[in-house]
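The lines below spell out each chain.
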Amino acid sequence: MNASPITVWEGATAYFTFADSPLILSVVLVGAIAACVYAIVSMAQHETASSKKFKAK
Amino acid sequence: MESAELQTRIEALEASLKMATAINSEAFYWWCTALMLAIHAGFLAYEMGASRAKNALASGLKNLVAFAFIVPTFFFVGWFIYNAFPTGLTISEAGYGALPWSANMGPNLSDNASGIFWAAFTLFAATTASIMSGSVIERIRISGFTILAIFLGSVVWILGAAWGWHPSGWLTSVLGLHDVGAAGCVHTIAGFFTLGVLINLGARIGRFNADGTVNEINGHNMPMSLIGLMLIVMGFFGFLGGCIIYTGDTWMTIYNTPTTLSAFGFNTLMGVAGGMLGCYLVTRDPFWMMSGALVGVISAAPGLDVYYPPLAFLISFAGGCVIPKLHNVLLTRFKIDDAVGAVAVHGFGGVWGLVACGIFAAGYPNAEGPAVSFLGQVESAAVFMLLGFVPGYGLSYVLKVVGLLRCSEEVEMAGLDLAEVPVKAYPESRIPAFGDGALSPAE
């Protein structure tokens, strides 16, 4: 996979990975957002589960 | 030397000077951002120390989680909000360059500004969210807190910053708001957001007796809290440095009026000292004395660029004398259990700072819009109060309804660490908890 949007440094501007590929940028961005959402959901589930476990002791 | 060669050399020198200016600017904000991390180290120590030992790690975890979420979410939406909404709720052209897929939002050899300003603003955002953090310790669910922190840090305050801490913000261009140190968009909004959350969250078990009298709930490590507060004050030098725009020719305020770093040096230190002494006089309490340092910074913040230093001292001194009393009124009369006094320190401290600037800095010209005025400052303060309180109350109410706001009574009694955190803060010590030898729920 070629991640580079540039082939030479002369005249380069936005040179971050996949800067020339809106589709891949979108996938990566959505993935990052999904990771955050998942982390919050997981956190809430952990709290609920540990609270129930604690009450059951 | 031939004129063509001279011209070439002049152009090369100009290009070199431009690059040096860009690098100086990047370096300045880089170190301001690094220094602002001390604020988070400070909040971490301060809130863990202010918690009882049974809740120490859960309080700290909350701060760490908030920071980790604010960074990406501020990238996703925060920077866009700041650039898009200075005129109100319609999207400005500059907003499109701050969308998370924009060419400016990543390594770009033609843009030395976006990343470093985004980084500094991200730390402002994390600071704003951390202001709420201490007030809600020892009973809030970490997931609920995280949702509130993201909303405060990556949405609410930055909308306030777009309105009132931006060269084209409508509070400045229409009302003449002057608030160079962000007392309104950071402190007032965070303080009143927190008030809204605390109303729905309720007091810690054991905080109030049946007859309404108050029980003291002491943190387990006051020295750690004091060091934490001092770290926050240190970090505010990065925060306030980041409030100034470095252009290469001169320093500018966020409103494009000229200033100097010296002005901020005079008035930040005088403000810190005034707030500390004011709080000391009315409480004799080292915890409040260090909170008074924050009161001082916040009280002087709006006019750091123009105050005569002894005036900044007096404004902060007055704030320091009043804010602890306001905290007591919130506690005893309104039964608001704010564990660290953030509503009073940041919320009302911010309002006092804005109003004081209207009294003592009225008449100073703005680059855009009317001159600074008492009425403009009061109206802007009201906007910030509402912009903080309404979303804070509304979102925390929703979280309360769906059961994500508060821990169960059993968990709160035993301590959040025991139920939620897989490691122990003090494994070789016995941690008192209700039902485990302690005398009351307040212990």
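Parameters at a glance
- Residues numbered from 1 in each chain as written.
- Chains lettered and ligands numbered in written order.
- Predicted model: local features only at pLDDT ≥ 70, side-chain atom pairs only at ≥ 80, totals over all residues.
- Helix = DSSP H or I, 4+ residues; strand = E, 2+ residues; numbered from the N terminus.
- Rg over C-alpha atoms; globule rule 2.2 N^0.38 Å.
- Contact = placed C-beta atoms within 7 Å.
- Buried ≥ 20, exposed ≤ 12 C-beta atoms within 10 Å, placed from the backbone.
- Expected span 1.5 Å × (residues − 1).
- Axes fitted to C-alpha atoms, helices over the stretch in contact; angles between N-to-C directions.
- Parallel < 35°, antiparallel > 145°, perpendicular 65-115°, else oblique.
- Nonpolar A, V, L, I, M, F, W, Y, C, P; charged D, E, K, R; others polar.
- Left-handed = near helix turned anticlockwise from the far one by under 90°.
- Pairing = 2+ DSSP bridges.

Peer 1: Which residues make up the overall build of chain B, and what are the values?
Peer 2: Across its full length, chain B holds 14 helices and three strands. Computed over its C-alpha atoms, the radius of gyration of chain B comes to 23 Å, within 12% of the 22 Å expected for a compact globule of 443 residues. If one aligns the C-alpha atoms of chain B with their principal axes, the spans along those axes are about 90 × 45 × 40 Å. Put simply, of all contacts in chain B between residues at least 6 apart along the chain, 77% involve residues at least 24 apart.

Peer 1: Report on the overall build of chain A, specifying residues and quantitative values.
Peer 2: For chain A, the helix and strand inventory stands at one helix and zero strands. Taken over C-alpha atoms, the radius of gyration comes to 21 Å for chain A, far larger than the 10 Å a tight globule of 57 residues would show. With the C-alpha coordinates of chain A rotated into their principal frame, the extents come out at 65 × 20 × 20 Å. Here chain A holds 57 residues, and the buried ones make up 5% of them.

Peer 1: Please set out helix α12 (residues 374–401) of chain B residue by residue, giving values where relevant.
Peer 2: Every α-helix winds through 3.6 residues per turn, so residues three or four apart in the chain are directed the same way. Helix length check: α12(B), at 28 residues, gives a terminal C-alpha distance of 41 Å against a target of 40 Å (1.5 Å per residue), a fit within 8%. Immediately downstream of α12(B), the backbone of B:G403 shows phi near 80°, a positive value.

Peer 1: With reference to specific residues and values, describe the packing of helix α1 (residues 22–56) of chain A against helix α4 (residues 142–164) of chain B.
Peer 2: The relative placement of two packed helices is expressed as an angle between their axes plus a distance between the axes. In contact at an axis separation of 8 Å, α1(A) and α4(B) are set at 150° when each is read in the N-to-C sense. The pairing of α1(A) with α4(B) is recorded here as roughly antiparallel in orientation. Facing α1(A), whose interface residues are A:I40, A:M43, A:A44 and A:E47, α4(B) presents B:I142, B:S143, B:T146 and B:I147. Taken together, the residues that form the contact of α1(A) with α4(B) break down as five nonpolar, two polar and one charged.

Peer 1: An account of the interface of chain B and chain A is requested, with residue identities and associated values reported.
Peer 2: The partner chain A presents 21 residues to the 25 residues of chain B that form the contact. Of all the secondary structure elements, the ones that give two or more residues to the side of chain B that touches chain A are α2 (56–84), α4, α13 (409–414) and α14 (416–420) of chain B. Among the residues forming the side of chain B that touches chain A, the class breakdown is 15 nonpolar, seven polar and three charged.

Peer 1: Tell me about the environment of B:L330, residues and numbers included.
Peer 2: Residue and element names in this part refer to chain B. As for its position among the elements, L330 is in helix α10 (residues 309–332). Along the backbone, L330 and L195 are 135 residues apart, and their C-alpha atoms lie at a distance of 9.8 Å. Setting aside its immediate chain neighbours within four residues, L330 contacts I336, D338, V343 and A344.

Peer 1: Residues and numbers for the packing of helix α9 (residues 286–300) of chain B against α10(B), please.
Peer 2: Residues and elements named next belong to chain B. Two elements in contact, α9 and α10, have axes separated by 8 Å at closest approach and are oriented at 130°. What the angle tells us is that α9 and α10 run oblique. In this structure, α9 meets α10 at a crossing whose hand is right-handed. Across the interface between the two elements, W288, G292, V295, G296, S299 and A300 from α9 touch A312, I315, S316, G319, G320, I323 and P324 from α10.

Peer 1: Mind laying out the sheet that holds strand β1 (residues 245–246) of chain B, listing which residues take part and the relevant values?
Peer 2: Residues and elements named next belong to chain B. Pairing is antiparallel in the open sheet, where three strands are placed in the order β1-β2-β3. Of all strands in the sheet, those with a lone pairing partner are β1 and β3 (258–259), marking the two edges. Of the pairings in the sheet, the one linking β1 to strand β2 (residues 251–252) comprises two bridges and is antiparallel in character. The partner of I245 across the bridge, within β2, is M252.

From the geometry alone we can't say anything about function, so treat these as descriptive.
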